[in-house]
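# Working through the structure, step by step
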Amino acid sequence: MNPVLADKNEIINLVDQAIIDVNSMTEKSWNNKPQPSKWSKKELRGHLIDSASNNIQDEWVLYQNYQICRVIKNIPEEKLQNNGDTGKGKRELHTLSYFIEDDVVHLKYHINQITA
């Protein structure tokens, strides 16, 4: 299987499991900050929402992640090696595949923080 399509499936599974986990959390757990300078689970969710979109509605972040999966599924394999420059003042090329994989890592990192 194409690794990017596996990423799509992983995003869907992560979001589906996160919904189950978040729905079972207490209000105290949801708002608890492990340290004054650390985010609460609620704040982490806000960060993921902001990362997916500038919209702050819960349903929107879920919709965005599912839409991202649909887009990923339809990217022609040869396009996954297209480069984009992310450098600020210097050239930093990354492939589309890199960005997709990086998004999965980012999503997993914060979902693990929320559901831990």
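Scope of this entry: the structure provided in the associated data block.

What counts and how
- Residues numbered from 1 in each chain as written.
- Predicted model: local features only at pLDDT ≥ 70, side-chain atom pairs only at ≥ 80, totals over all residues.
- Heavy atoms only, no water.
- Helix = DSSP H or I, 4+ residues; strand = E, 2+ residues; numbered from the N terminus.
- Buried < 20%, exposed > 50% of the residue type's maximum accessible area, 1.4 Å probe, protein only.
- Areas by Shrake-Rupley, 256 points an atom, 1.4 Å probe, with all protein chains shown as cover.
- Contact = heavy atoms within 4.5 Å.
- Core = buried A, V, L, I, M, F, W, Y, C linked by side-chain atoms within 4.5 Å.
- Expected span 1.5 Å × (residues − 1).
- Phe/Tyr/Trp six-rings, centres within 6.5 Å; stacked < 30°, edge-to-face > 60°.
- Salt bridge = Lys/Arg side-chain N within 4 Å of Asp/Glu carboxyl O.

On to the overall build of the protein chain, then. A count of helical and extended segments in the protein chain gives 5 helices and 2 strands. Along the protein chain, helices (α) and strands (β) appear in the sequence α-α-α-α-β-β-α when read from the amino end. The proportion of buried residues among the 116 residues of the protein chain is 28%. Element-wise, carbon and sulfur atoms account for 52% of the exposed surface of the protein chain, whose accessible area totals about 7,900 Å².

For the rest of this paragraph, the subject is the side chain of histidine 110. As for its position among the elements, histidine 110 is in helix H5 (residues 96-115). By relative accessible area, histidine 110 is classed as buried at 8%. If near-sequence neighbours (up to four positions away) are discounted, histidine 110 is found in contact with Trp39, Leu44, His47 and Leu48.

Before going further, it helps to examine the nonpolar core. Judged by nonpolar contacts, the single largest core of 17 residues is most densely connected at Ile11, Leu48, Ile100, Leu107, Ile111 and Ile114. Those elements that provide at least two residues to this core are helix H1 (3-23), helix H3 (41-52), helix H4 (58-73) and H5. Top contributing element to this core by residue count: H5, with 5 residues. Those residues in contact with isoleucine 111 that sit more than four places away from it in its chain are Leu14, Ala18 and Leu48.

For leucine 48, the location among the structural elements is in helix H3. For the pair leucine 48 and isoleucine 111, spaced 63 residues apart in sequence, the C-alpha to C-alpha distance is 8.6 Å.

Another aspect to go through is H5. Across its 20 residues, H5 extends 29 Å between first and last C-alpha, which sits within 8% of the 28 Å expected from 1.5 Å per residue. Along H5, the positions that sit buried rather than exposed are Ser97, Ile100, Val104, Leu107, His110, Ile111 and Ile114.

Take the packing of aromatic side chains next. Taken as a whole, this structure holds 1 aromatic pair when the rule is applied. Here the aromatic rings of tyrosine 98 and phenylalanine 99 are separated by 5.6 Å at their centres, their planes lie at 75 degrees, and the arrangement is edge-to-face. Here tyrosine 98 falls in the partly exposed class, since its relative accessible area comes to 37%. Classification of phenylalanine 99 as partly exposed rests on a relative accessible area of 33%.

A complete count under the given rule lists 1 salt bridge for this structure. Lysine 33 is the partner of glutamate 43 in a salt bridge, and the nearest nitrogen-oxygen pair spans 3.4 Å. Placement of the pair is glutamate 43 in helix H3 and lysine 33 in the loop between helix H2 (27-31) and H3, with a sequence separation of 10 residues. The partly exposed category is assigned to glutamate 43, whose relative accessible area is 35%. Judged by its relative accessible area of 35%, lysine 33 falls in the partly exposed class.

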